[in-house]
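Fold and geometry: a report
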Amino acid sequence: MQNSKIVGTGSYCPELVLTNKDLERIVDTSDDWITKRTGIKERRIAKDGQFTSDLAAAAAREALAMAGLKASDLDLIVVGTVTPDRQFPSCACTVQHKIGANNAAAMDVSAGCSGFVYALSVAHNAIRCGASKYALVVGSEVLSAVTNWQDRGTCVLLGDGAGAVVLGPAEKDTGIRSIKLKSDGAFGDLLYSVDDNITRPVPSLPERHNHTKPFYLVMDGNRTFKKAVQCLEEIALATLEEAKVGVDELALVVPHQANLRIINALAQRLGLPEEKVYVTIQKYGNTSSATIPVALHEANTSGLLRPRDKLLLVTFGAGLTWGGSLVDWAA
Ligand code: COA
């Protein structure tokens, strides 16, 4: 069975910057609190009329250009998102149309902040079994559209952005060496959306916030934090074990960027030095499924990645969902 490898990366984060100082004028918070408790200094916000598919298409074009491929070379598009432009058609179909990928099948994957790694798994397996040759995998979000701007516990954390990779065929034992995915719906009450239009009341989910929008995100930050650290460590070790790669062989870890303290706790548990963990949270906050591909593209274009470097992608998100991938950098 052949394998898949990353042949191009891209990202797009909107130009509009919302700083912690700006947030001090919106909710009762401070730059000092946000920096110390989360590591975030600023985040990007999409402008009116700029949708998840627009961010995704921009990231996709960049990834295709790096891969030296045309949009028409793609036979699969998988977009991980929790903020699609609309319920249907899928964000992936809209992206397909925007970039002109007229030979591709397109679908969305909904897996919270793990959306990118889940989408990567779908595309990777399509290439492995011969159903696909070149696949576009995107993580894209406009979280500002589902943020409760009166809830200081969540609005300071989130941002908008998109990242993309193009996958192509690879020799066995190169490229993506392992992907592990896990979910546990029993913890759905940690982080969920309230949608007055489509959600029936679920008795087990606490309604802790006033409705300020018909659709917004609710999170139990403290419990989420503890589960995140535990799940990230578990999936990191399982992903490494499946690929038969030791922690000491890793060149770089690209974790989901939800909170710097979560990232540091993971690094400490794995015994990883700070310089081997890629961090972008200070600039973009938590952009859900976009954090990993945005960070990966940044690491790639800053010349950090060398052929045969071993990279570990690890993520965690609403669902609960969590996942990891060991990438043997073959680009
Ligand atoms: N500014 C100032 N104070 C804030 C605040 C803010 N933005 N948000 C919360 N606080 C206050 C709380 O009201 C609380 O005050 P109290 O002690 O008077 O009750 C205090 O800070 C501590 O709150 P707590 O929720 O215990 O803080 P924390 O250290 O857990 O940090 C998060 C809060 C949200 C930053 C943290 O829990 C977190 O990052 N959780 C995980 C988030 C995550 O990973 N989400 C995405 C998963 S994909």
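Residues numbered from 1 in each chain as written. Predicted model: local features only at pLDDT ≥ 70, side-chain atom pairs only at ≥ 80, totals over all residues. Heavy atoms only, no water.

1. Examining the site of the ligand
The following threshold applies: By convention in these notes, a residue is near a molecule or strand provided one of its non-hydrogen atoms lies within 4 Å of it. Side-chain atoms alone can form a polar contact between residues adjacent in sequence; in general such a contact is a pair of N or O atoms within 3.5 Å, and within protein one must be able to donate a hydrogen while the other accepts it. In these tables, accessible area is a Shrake-Rupley quantity obtained with a 1.4 Å probe, and a residue counts as shielded only by the protein chains included in the view. Only DSSP runs of H or I covering at least 4 residues are called helices, and only runs of E covering at least 2 are called strands; the numbering of each starts at the N terminus. Lys, Arg, Asp and Glu make up the charged group, whereas Ala, Val, Leu, Ile, Met, Phe, Trp, Tyr, Cys and Pro make up the nonpolar group; the residues left over, Gly among them, are polar.
By nearness alone, 24 residues border the ligand, and T29, R37, R152, N222 and N259 come closest of all. Contact distances for the ligand include 2.6 Å between a nitrogen atom and a side-chain N or O atom of T29. Within the side chain of N222, a nitrogen or oxygen atom sits 2.8 Å from an oxygen atom of the ligand. For the ligand, the accessible surface in isolation is 960 Å², of which the surrounding protein chains cover 71%. Among the secondary structure elements, those contributing two or more residues to the shell around the ligand are α2 (31–38), α6 (152–155), α7 (221–243), α8 (260–270) and β12 (310–317). For the shell around the ligand, the element with the most residues is α7, which contributes four residues. For the shell around the ligand, the per-class residue count stands at 10 nonpolar, 10 polar and four charged.

2. Focus: the sheet that holds strand β8 (residues 175–183)
The line we're drawing: A strand pair is defined by DSSP finding two or more bridges across the two strands. All axes are obtained by fitting lines to C-alpha atoms, using only the stretch in contact for helices, and the reported angles, taken between N-to-C directions, cover 0 to 180 degrees. The contact definition used throughout considers only heavy atoms, calling two residues in contact when any of these lie within 4.5 Å.
Taken together, four strands build an open sheet; the order of strands is β8-β13-β12-β11 and the sheet is mixed. Pairing within the sheet leaves two strands with one partner each, and these edge strands are β8 and β11 (252–255). Neighbour to neighbour, the strand axes of the sheet diverge by 10° on average, direction disregarded. Docked against the sheet, α7 engages β8, β12 and β13 (321–328), running at close to 145° with respect to β12.

3. Some points on the sheet that holds strand β1 (residues 3–12)
In spatial order, the strands read β1-β7-β6-β4-β5; together these five strands make up an open sheet with mixed pairing. With partners counted over all chains shown, the strands left at the sheet margins are β1 and β5 (105–109), one partner each. The sheet shows a mean angle of 20° between the axes of neighbouring strands, direction not considered. As judged from the five bridges shared by strand β4 (residues 76–80) and strand β6 (residues 135–142), these two strands associate in the parallel manner.

4. Concerning the side chain of T94
Here is the rule we go by: To sort residues, take the accessible area from a 1.4 Å probe on protein chains only and compare it with the maximum for the residue type: under 20% means buried, over 50% means exposed, and anything in between is partly exposed.
Note that T94 resides in helix α4 (residues 91–99). Taking relative accessible area as the criterion, T94 reaches 16% and is therefore assigned buried. Polar contacts involving the side chain of T94 include one to the main-chain carbonyl oxygen of S90, which spans 3.2 Å. Leave out the neighbours within four places in its chain, and T94 touches S53 and D85.

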